[in-house]
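Take a look at the letters that make up each chain.
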Amino acid sequence: MPRKKHIKIAQVRTFSNVFDFSNINVESDLQKYFLKEQPLTIELGCGQADYSINLAINFPERNFIGIDRKPNRLWNASKNATTLNVSNVAFLIAYAEKLEEVFKNLKAEEIWITFPDPYPRNGSIKKRLTHPRFLQIYKSILTSNGKVNLKTDDDTLYEYTLKIISEENLKLVFATEDLYSASNLDYEKTIKTKYEKMHLENEKKIKLITFSFT
Ligand SMILES: C[S@@+](CC[C@H](N)C(=O)[O-])C[C@H]1O[C@@H](n2cnc3c(N)ncnc32)[C@H](O)[C@@H]1O
């Protein structure tokens, strides 16, 4: 492993806005961290957490948690939030598979899944973050009217997610295969992550799906 990455992995757990799912008190530590009890939004597979940080700046009346399984990616997220003095955002080192173990009392109103790995091969379908095994987890950590948003550049993941929403009888709130063809988009739909910027540079169309469980 490169030395720089190794240092980041060692350092990141010492940062005051970074939490680890394997800590037994992680949920209460997260609750204590936020200065105010406010509606919660989660960004899953956040990487450097561009979505969470920009939402946190623009919606100070809400709290945000950026979640990624890779601690070194959260190092950058944590440093950016600290530099920008954003206190209503925290970061959680966790696999999506483990979220039910963390969020027992704390519920989210919204989940953003931003440019997840598409896992195009049939043998990897279970790893897609909109596979039914993940939807069960999202349902359990959302409030009853909570929403899930998927942003992707990937046609296969977009079509697959629409199919799953239909098969599982979920409520499709919004879907577009070319987000920026529309005008007057809400600010929160237009935040551009590191990966989104790369896809736009490669002239890919950005897709967005919003769905709920009721
Ligand atoms: C392609 S990157 C996108 C990063 C960021 N959302 C962006 O748009 O710039 C996908 C991220 O999802 C994370 N990830 C993939 N599977 C995950 C899982 N099961 N649980 C948590 N994070 C996951 C990866 O570690 C990676 O940082």
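The structure displayed is predicted, hence computed values, not measured ones. (Residues numbered from 1 in each chain as written. Predicted model: local features only at pLDDT ≥ 70, side-chain atom pairs only at ≥ 80, totals over all residues. Heavy atoms only, no water.)

Caption draft 1: Layout of the pattern of salt bridges. Inspection of every chain in the model, using the stated rule, returns eleven salt bridges. Between Lys 163 and Glu 167 there is a salt bridge; the shortest N-O distance is 3.3 Å. Residue Lys 163 and its partner Glu 167 are located together in helix α7 (residues 155–167), separated by four residues, close to a single helical turn. Residue classification places Lys 163 among the partly exposed residues on the basis of a relative accessible area of 42%. (Salt bridge = Lys/Arg side-chain N within 4 Å of Asp/Glu carboxyl O. Helix = DSSP H or I, 4+ residues; strand = E, 2+ residues; numbered from the N terminus. Buried < 20%, exposed > 50% of the residue type's maximum accessible area, 1.4 Å probe, protein only.)

Caption draft 2: Main features of the site of the ligand. If you check the shell around the ligand, you find 18 residues, and the closest are Gly 45, Asp 68, Arg 73, Thr 114 and Thr 193. In the model, an oxygen atom of the ligand is placed 2.7 Å from a nitrogen or oxygen of the Thr 193 side chain. Take Tyr 195: an N or O atom from its main chain is 3.1 Å from an oxygen atom of the ligand. The fraction of the free accessible surface of the ligand (600 Å²) that becomes covered by protein chains is 96%. When atom positions are compared with the pocket grids, the ligand is found to occupy the largest pocket. Looking at the shell around the ligand residue by residue, the class counts come to seven nonpolar, four polar and seven charged. (Near = heavy atom within 4 Å. Polar contact = N/O pair within 3.5 Å; in protein donor to acceptor, adjacent residues only side chain to side chain. Areas by Shrake-Rupley, 256 points an atom, 1.4 Å probe, with all protein chains shown as cover. 1 Å grid on protein atoms, 1.4 Å probe; cavity = no way out; pocket = protein on both sides within 12 Å on 5 of 7 lines; lining within 4 Å. Sits in = over half its atoms within 2 Å of the grid points. Nonpolar A, V, L, I, M, F, W, Y, C, P; charged D, E, K, R; others polar.)

Caption draft 3: Fine view of the nonpolar core. Counting residues in each nonpolar core, the largest one holds 39 residues, and the members touching the most others are Ile 65, Leu 92, Phe 103 and Tyr 138. Each of domain 1 (1–94) and domain 2 (107–214) contributes no fewer than three residues to this core. Residues contacting Phe 103, with those up to four places away along its chain left out, are Glu 27, Leu 40, Ile 42, Ile 65, Ile 67, Leu 92 and Ile 141. Judged by nonpolar contacts, the second largest core, of 24 residues, contains Leu 55, Ala 56, Val 89 and Ile 191. (Core = buried A, V, L, I, M, F, W, Y, C linked by side-chain atoms within 4.5 Å. Domains from an automatic or database assignment. Contact = heavy atoms within 4.5 Å.)

Caption draft 4: View of the side chain of Asn 149. Here Asn 149 is to be found in strand β6 (residues 142–152). Residue Asn 149 is classed as buried on the basis of its relative accessible area of 3%. Within the local environment of Asn 149, its side chain forms a polar contact with the side chain of Glu 110, the two groups lying 2.9 Å apart. A distance of 2.8 Å separates the side chain of Asn 149 from the side chain of Thr 210, its partner in a polar contact. Each residue touching Asn 149, except ones within four places of it in the same chain, is listed here: Glu 110, Ile 111, Trp 112, Ile 113, Leu 208, Ile 209 and Thr 210.

Caption draft 5: Examining the domain arrangement of the protein more closely. Here the domain parsing of the protein yields domain 1 (1–94) and domain 2 (107–214). The gap between the C-alpha centroids of domain 1 and domain 2 is 21 Å. Facing 18 residues of domain 1, the contacting portion of domain 2 comprises 23 residues. Counting the surface lost from both domain 1 and domain 2, the interface buries some 1,600 Å², and carbon and sulfur atoms represent 57% of this. Summed over the three residues of domain 1 that lose the most area to domain 2, namely Ile 42, Leu 44 and Tyr 51, the buried surface amounts to 41% of that side. (Buried area = accessible area lost by both parts, 1.4 Å probe.)

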